[in-house]
Structures are given as structure tokens and as C-alpha cells.
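Overview (structure and organization)
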Amino acid sequence: FGIDVNDWGTVVPGGMLINLTDYERNRRVATELRDRIVSYRRAHPRRPVHLIGHSGGGGIAVLTAEMLPVEEPVSSVILLAAAISPTHDLRNALDRSQYGVFNYYSPLDVLLRAGTTVAGTIDREHAQSAGAVGFTRPAKLTGDDARVYDRKLHQVQWSPEMRHAMHFGGHMDWTHRPFVKQYLAPLVTSVSTWRFDDEPLGESTRGRAAAGMESDTP
């Protein structure tokens, strides 16, 4: 496995607000990242690619996935405390991720409750973020679109059991090494062993992602 870190944030001191509010800049960042992914996928068509984003980076991950060609999907999109609105329409991102979007969120995340209500989310809504309250399927969706949400959106809420992995519900706790080792690494390595023609994941995978346990390929 290889890890490519994309440091997308502005270098301006105190740039967190710029990272959240400069939508056009963020679209350009997502376009550049999309191009890098497509180039890699075409050079290595059978290798898995996972988009993982924390906080504002979760919003960038969604914007990037939405721009991918349908024929060049990533394996998964993993969101950690994503600063994006809970009503964001994920259909394009779901269609372009083979095994769907995994949204890890915590109701205890004050920054994504009060902070993005005031400053706004990556997609420029003034609301509590999906990284705090989870995504809500748009009410207008019916039929196949609704079924795609049900099959490919995997939401994992913070639970007290995660304290054993040094995650106490805070905004930065998703990046703590014990949590990554116990919860995220097994998920990524398991998904990476599945064939690209496998069916999207179901409830059993949501349970494993929440429990942080390794398991055999279903």
C-alpha cells in the first residue's frame, strides 16, 4: 500500500476560514486531485484507490469524487469529521466509488456543530456538518437513487467503545494512531482485497466499520 498526502490547505496564517469559504479555490483543488487520480487509475487500472479526508478535507474528498469519470471510480471515499452539509446530494460521489462513502461522525464535535453553522461548510451551507450529525438522504430521491443511498452510504457514529482507541468524540480524535490502526486500517485493507466487480457493501460491512474489527472477505 502507498499513501499520497495531498496538503490542500492555504498557507496563509489563520487560513482555516479560507479553506472553508473559498469555494472556487476548493473546486480547483478538487479538479487537480481528480486529474491525479485518473492518471494513476489509468496507469494502474486494477489497483485500489481510497480517498480519505478529514474535516475540510472530507469536503474536498466529496468534491473530488463527484468530478471523477464514472468509468474511473475510486474504491471508497472515507470521511472523518467532514465539514460538509448533511443534506449534500451524494449521488455523484456514490456512483463514482465502487464500495461507497463511509461517513464517520461524532455528535460531540463542537467545531462541526457551532463552527460551521457560523462560518459555513465546504459546500457553503451554514449548518451543522455531516461530520457531526451524519448525512440525510434528500427527500426528493426515490427509486434507484434512493436505493443507491441505502446500499452505498455507510454511516458510522462515534460510540463510547471508541475510547479504547483513544477517540473521545472530538474533532481531531479520528486521526489518533490507535483509532486509525483499529478502525480504519482494517477497513481499507479489507476493501482493497475485494474485486472491482464485487457487489457494493451491505449492513455487515457497516457493522465491521463501526466495531473496528478485521474480518474475512464476505
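Below you will find a few notes about this structure.

Definitions and limits used
Residues numbered from 1 in each chain as written. Predicted model: local features only at pLDDT ≥ 70, side-chain atom pairs only at ≥ 80, totals over all residues. Heavy atoms only, no water. Phe/Tyr/Trp six-rings, centres within 6.5 Å; stacked < 30°, edge-to-face > 60°. Buried < 20%, exposed > 50% of the residue type's maximum accessible area, 1.4 Å probe, protein only. 1 Å grid on protein atoms, 1.4 Å probe; cavity = no way out; pocket = protein on both sides within 12 Å on 5 of 7 lines; lining within 4 Å. Points joined across faces, edges and corners; volume = space filled by probe spheres on them. Helix = DSSP H or I, 4+ residues; strand = E, 2+ residues; numbered from the N terminus. Nonpolar A, V, L, I, M, F, W, Y, C, P; charged D, E, K, R; others polar. Core = buried A, V, L, I, M, F, W, Y, C linked by side-chain atoms within 4.5 Å. Contact = heavy atoms within 4.5 Å. Pairing = 2+ DSSP bridges. Axes fitted to C-alpha atoms, helices over the stretch in contact; angles between N-to-C directions. Arc of directions from axis to C-beta.

**Observations regarding the packing of aromatic side chains**
Aromatic ring pairs are described here by two measures, namely the spacing of the ring centres and the angle between the planes. Scanning all chains against the criterion turns up four aromatic pairs. Relative to Phe179, the ring of Trp174 lies with its centre 5.3 Å away and its plane at 80°, an arrangement referred to as edge-to-face. Each member of the pair, Trp174 as well as Phe179, is classed as buried.

**Here we look at the layout of surface pockets**
Of the pockets and cavities examined, the largest pocket occupies roughly 1,300 Å³. Forming the boundary of the largest pocket are 33 residues, of which Gly2, Ile3, Asp4, His50 and Ile52 lie nearest the centre. Top contributing element to the lining of the largest pocket by residue count: helix α8 (residues 177–192), with six residues. For the lining of the largest pocket, the residue count by class is 20 nonpolar, nine polar and four charged. Of the volumes computed, that of the second largest pocket is approximately 290 Å³. As for the second largest pocket, its lining consists of 16 residues, and the residues nearest its centre are Met16, Ser55, Gly56, Leu111 and His171. For the lining of the second largest pocket, the elements supplying multiple residues, two or more each, are α1 (16–21) and α5 (111–119).

**Some points on the nonpolar core**
Val77, Ile78, Leu79, Tyr104, Trp174 and Phe179 are the most contacted members of the largest nonpolar core, which has 53 residues in total. Once you skip the residues sitting within four places of it in the chain, Val77 turns out to touch Leu51, Ala61, Ala65, Ser97, Gly100, Val101 and Phe102.

**Points about the sheet that holds strand β4 (residues 153–157)**
Spatially, the four strands line up as an open sheet ordered β1-β2-β3-β4, and their pairing is parallel. The open sheet has two free edges, formed respectively by β1 (50–54) and β4, since each of these has just one partner strand. On average, adjacent strands in this sheet sit at an angle of 15° to one another, irrespective of strand direction. Note that strand β3 (residues 101–105) and β4 share five bridges and pair parallel.

**Some remarks on the environment of Trp174**
Of note, Trp174 is situated in the loop between β4 and α8. Using a relative accessible area of 0% as the deciding quantity, one classes Trp174 as buried. The sequence separation of Trp174 and Trp158 amounts to 16 residues, and the corresponding C-alpha distance is 9.5 Å.

**Points about α5**
For α5, the set of buried residues is Leu112, Thr116 and Ala119. Viewed end-on, α5 has its buried residues packed into an arc of 70°, placing them on one side of the element. Those residues of α5 hidden inside the fold are in contact with α1 and α6 (130–133). Just past α5, the residue Gly120 takes up positive phi, approximately 95°.

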